[in-house]
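# Commentary on secondary and tertiary structure
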Amino acid sequence: MLSALLEERNLPPLRPRAEMLELLQTEIYGRLPAAPEAMEFTVEPDVIWRFCAGKAVCDRVTARMVVNGKPFEFPFLATIPTVPGPHPFFIHINFRPDNPDRYMPTEELIDAGFAVLSFCYNDVSSDNGDFTDGLAGVLFENGARGPEDPGKIALWAWAAHRVMDYAETLTDRLDCTRSAVCGHSRLAKTALFTAATDTRFAFAYSNDSGCSGAALARGKTGESIRDICERFPFWFCENYKKYVDNEAAMPLDHHALLAAIAPRCVLVGSASEDAWADPDSEFLCCCAAAPAFDGGFPCPDRLPGDNVAFLDGRIGYHRRPGLHYFSRLDWQRLIEFIRLHS
Ligand code: GTR
């Protein structure tokens with residue numbers, strides 16, 4: 001039954017990873033900027049030593065760098081268990097700088113044995129069509145973009161790579177072989193692109209990423225490329241507009257985004273009432289990407305119910321009841337997935 005549903009989508013075949021990365025950049029997200037010419041990290045002196053009842057230390061870090069010959073900096077938080085490591089960790093791309101945050105239950109993550117490094121996407125580049133501020137401002141002359149220049153998702157992903165650069169300097173406290181990048185909604189699209197373009201991430205988690213994230217574009221219900229390009233064209237490269245009402249012309253579909261993460265692990269999360277994201281198109285995307293992952297995607301041969309978790313394969317999928325939100329159950333299943341595959 002699933003194979004019949006997939007056939008209806010008429011998907012282009014998966015390609016070698018290098019080709020998929022090229023198309024993901026030139027057709028959807030834009031080219032990832034080069035790594036900084038120089039960079040240093042400063043742990044600010046206002047460290048919170050007794051965070052989460054003393055179970056963690058929270059460092060406020062500033063990444064200062066030279067990009068395109070110009071200075072750029074952004075802050076992030078590193079909340080790391082006090083007990084000796086190295087610890088598995090999340091790089092959480094968040095909507096707010098708060099810690100904890102409604103999308104980030106820090107104490108529960110610490111209790112589960114994880115560190116969490118988090119940053120607010122607005123501190124990297126604003127979530128709008130202005131390409132003159134933040135990271136965009138140092139990359140583009142007068143804010144003008146060419147057809148393959150990065151959209152905001154690629155800029156936020158680039159910042160997540162910088163946070164990983166920092167994690168790599170803390171080998172006694174953080175275990176990069178158990179690193180996961182995660183985010184919700186537009187920042188789940190970002191998390192997938194982050195891991196697709198940087199093999200240092202062992203895991204990626206997409207929470208309710210939907211259109212232009214983990215959902216197939218072909219045959220998708222709810223939000224379409226037209227909808228997203230009308231409201232958020234700046235998330236993508238200019239080329240992406242070619243596919244408004246023209247999904248069939250795309251030389252790839254979003255199973256390529258998931259497959260570009262293989263052979264590393266990726267978990268896709270949906271919410272049953274998130275029709276705008278289209279949970280079934282996210283699930284079918286996992287099915288279509290599965291051949292790229294060792295062992296494929298173990299799931300029954302039918303569309304899932306409202307509360308399911310298929311965590312046994314290196315590509316996993318879960319769906320929980322309820323609305324568009326990064327909830328506790330999403331985190332719990334992500335932790336279970338990482339434990340199963342570490
Ligand atoms: C919606 C958008 C989605 C999703 C979401 C979000 O309005 O259309 O693609 O990313 O925003 O990021 O909250």
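Residues numbered from 1 in each chain as written. Predicted model: local features only at pLDDT ≥ 70, side-chain atom pairs only at ≥ 80, totals over all residues. Heavy atoms only, no water.

### Details of the pattern of salt bridges
A complete count under the given rule lists 26 salt bridges for this structure. A salt bridge links Glu44 to Arg64; its shortest N-O distance comes to 4.0 Å. Linking Glu44 in the loop between β1 (38-43) and β2 (48-51) with Arg64 in strand β3 (residues 56-67), this pair joins segments that are 20 residues apart in sequence. Its relative accessible area of 15% is what places Glu44 among the buried residues. The residue Arg319 makes a salt bridge to Asp280 at a minimum N-O spacing of 2.9 Å. One end of the pair, Arg319, is in strand β11 (residues 315-320); the other, Asp280, is in helix α9 (residues 279-289), with 39 residues separating them in the sequence. Salt bridges linked by common partners bring Arg162, Asp165, Glu168, Asp198 and Arg200 together as one network. (Salt bridge = Lys/Arg side-chain N within 4 Å of Asp/Glu carboxyl O. Helix = DSSP H or I, 4+ residues; strand = E, 2+ residues; numbered from the N terminus. Buried < 20%, exposed > 50% of the residue type's maximum accessible area, 1.4 Å probe, protein only.)

### A look at the packing of aromatic side chains
Enumeration according to the criterion identifies 28 aromatic pairs in this entry. On the basis of an interplanar angle of 45° and a centroid distance of 4.7 Å, the ring pair of Phe236 and Tyr240 is categorised as tilted. One aromatic cluster is present, built from ring pairs that chain together Phe90, Phe95, Tyr103, Phe114, Tyr121, Trp156, Tyr205, Tyr325, Phe326 and Trp331. Lying over the aromatic face of Tyr103, Arg102 brings its terminal NZ or CZ to 5.8 Å of the ring centre. Seen from the ring of Phe232, Arg186 lies directly overhead, with NZ or CZ sitting 5.3 Å from the centre. (Phe/Tyr/Trp six-rings, centres within 6.5 Å; stacked < 30°, edge-to-face > 60°. Lys NZ or Arg CZ within 6 Å of the ring centre and 35° of its normal.)

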